[in-house]
Amino acid sequence: MARGVGKSAVAHTAPPRIILGIDPGLDRTGYAVIEFPSTRVLDAGVIRSDATLLLPRRLVEIASGLDEVLAEHTIGLVAVEDLFAHYKHPRTAILMGHARGVALVAAARRGIDVMNILPTRVKKMLTGNGHASKLQMQRAITSTLRLPKIPEPPDVADALAIAWCASMLHRAGERVTDATSKTVTTMNLVRRSRRRLAGVVA
């Protein structure tokens, strides 16, 4: 698997709390692994699918990338962007829903609890504005996590924000919206390279 720069080795020891934030998308799925309460970024980047492939194969690529992230870190909670009830572009929401389903299955296979968070709630908690722009979100998460530079692309910033938001909600005692109790044997999936975000991972 081809790797980018910016990630240090992470030992598979029991962490105080490690949260995986996922911003699902068919073209790009942003992901971020953050350790709390230190708010240290362990891993962040995007999983891309090949637009020339049919939908089922693209979903396999996303699943494979998420499997690699989950295999590398001892994740205690997965936080995933939830879907709105209404969208201006229904087709976009449907495609996002496919990628989101893949993320939920990846967590369920490992018996990891899932927290679903509406994007407006993430924006509100991070910026005070439930309709903040992508640039506002990028700047806010950069400041909050004391990152050396603004995360690019915005999918990574969103994943970081989702993970941070989940940590705040978890501390406040909010219960997860999906809980899994059984681990299903992981299928052997086709590997897909993922690009890590240089300059963000500790």
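Residues numbered from 1 in each chain as written. Predicted model: local features only at pLDDT ≥ 70, side-chain atom pairs only at ≥ 80, totals over all residues. Heavy atoms only, no water.

A.B. asks: Summarise the overall build of the protein chain; cite the residues concerned and give the values.
C.D. replies: Scanning the protein chain for helices and strands turns up five helices and six strands. For the protein chain, the succession of helices and strands along the chain, N to C, is β-β-β-α-β-α-β-α-α-α-β. With 202 residues in all, the protein chain has 46% of them scored as buried. Contacts in the protein chain between residues at least 24 apart in sequence constitute 70% of all its contacts with a sequence separation of at least 6. For the protein chain, the accessible area works out to roughly 10000 Å², and carbon and sulfur atoms hold 55% of it. (Helix = DSSP H or I, 4+ residues; strand = E, 2+ residues; numbered from the N terminus. Buried < 20%, exposed > 50% of the residue type's maximum accessible area, 1.4 Å probe, protein only. Contact = heavy atoms within 4.5 Å. Areas by Shrake-Rupley, 256 points an atom, 1.4 Å probe, with all protein chains shown as cover.)

A.B. asks: Before we move on, could you go through the pairing of strand β5 (residues 114-117) and cite the residues and values that matter?
C.D. replies: Of the two faces of β5, both are covered, the one formed by Val114 and Asn116 as well as the one formed by Met115 and Ile117. As judged from the four bridges shared by strand β4 (residues 77-81) and β5, these two strands associate in the parallel manner. Each residue of the ladder has a partner; that of alanine 79, found in β5, is methionine 115. (Pairing = 2+ DSSP bridges.)

A.B. asks: Go over the confidence of the model for the protein chain, please, and point to the residues and values.
C.D. replies: Here the protein chain averages 80 in pLDDT, and 74% of its residues register 70 or above. Predicted confidence for residues 178-193 stays below pLDDT 50, and this span has 40 contacts to residues more than four positions away or in other chains. (pLDDT = per-residue confidence, 0-100.)

A.B. asks: Residues and numbers for the nonpolar core, please.
C.D. replies: A general tendency of soluble globular proteins is for nonpolar side chains to be buried together. Core analysis: the biggest nonpolar cluster contains 30 residues, and Ile117, Ile141, Leu145 and Leu160 have the highest contact counts within it. With 11 residues, helix α5 (residues 154-171) is the single largest residue contributor to this core. In contact with isoleucine 117, other than residues within four places in its own chain, are Ala79, Val80, Glu81, Asp82, Val122, Ile162, Cys165, Ala166 and Leu169. (Core = buried A, V, L, I, M, F, W, Y, C linked by side-chain atoms within 4.5 Å.)

A.B. asks: Please give an account of helix α3 (residues 119-127) that cites residues and values.
C.D. replies: Among the residues making up α3, those that are buried are Pro119, Val122 and Leu126. Along the axis of α3, the buried residues cluster in a sector spanning 60°; they form a single face. In this structure, the buried side of α3 is in contact with β4, β5, α4 (134-144) and α5. Just beyond α3, the residue with positive phi is glycine 128, at close to 85°. (Arc of directions from axis to C-beta.)

A.B. asks: Lay out the side chain of glutamine 138 with the relevant residues and their values.
C.D. replies: With respect to the helices and strands, the residue glutamine 138 is situated in helix α4. Taking the relative accessible area as the measure of exposure, glutamine 138 reaches 5% and is therefore buried. There is a polar contact of 2.9 Å between the side chain of glutamine 138 and the backbone oxygen of proline 151. (Polar contact = N/O pair within 3.5 Å; in protein donor to acceptor, adjacent residues only side chain to side chain.)

A.B. asks: Lay out the pairing of strand β1 (residues 18-23) with the relevant residues and their values.
C.D. replies: Taking burial as the measure, the six residues of β1 include six buried ones, the bulk of the element. Alternating positions in β1 separate into two faces, Ile18, Leu20 and Ile22 on one and Ile19, Gly21 and Asp23 on the other, with burial throughout. With six bridges connecting them, β1 and strand β2 (residues 28-35) associate as antiparallel partners. Opposite isoleucine 22, over in β2, you have tyrosine 31 as the bridge partner. What sits between β1 and β2 in their antiparallel hairpin is a turn of four residues. For β1 and β4, the ladder comprises four bridges, and the chain directions are parallel.

A.B. asks: Which residues make up the pattern of salt bridges, and what values do they have?
C.D. replies: The final tally for this structure, using the stated rule, is six salt bridges. Salt-bridge contacts for glutamate 35 lead to arginine 40; the nearest nitrogen and oxygen are separated by 3.4 Å. Here arginine 100 ties to aspartate 82 by a salt bridge, and the two come within 3.2 Å at their closest N and O atoms. One end of the pair, arginine 100, is in helix α2 (residues 90-109); the other, aspartate 82, is in the loop between β4 and α2, with 18 residues separating them in the sequence. Taking the relative accessible area as the measure of exposure, arginine 100 reaches 10% and is therefore buried. (Salt bridge = Lys/Arg side-chain N within 4 Å of Asp/Glu carboxyl O.)

A.B. asks: How would you explain α2 if you had to name every residue and give the values?
C.D. replies: For α2, built from 20 residues, the straight-helix expectation of 28 Å at 1.5 Å per residue is met to within 8% by its first-to-last C-alpha distance of 29 Å. Listed in full, the buried residues belonging to α2 are Ala93, Met96, Ala99, Arg100, Val102, Ala103, Ala106, Ala107 and Arg109. Among the structural elements, β1, β2, α1 (55-72), β4 and β5 are those in contact with the buried residues of α2. The first or second residue beyond α2 is glycine 111, which carries a positive phi of 70°. (Expected span 1.5 Å × (residues − 1).)

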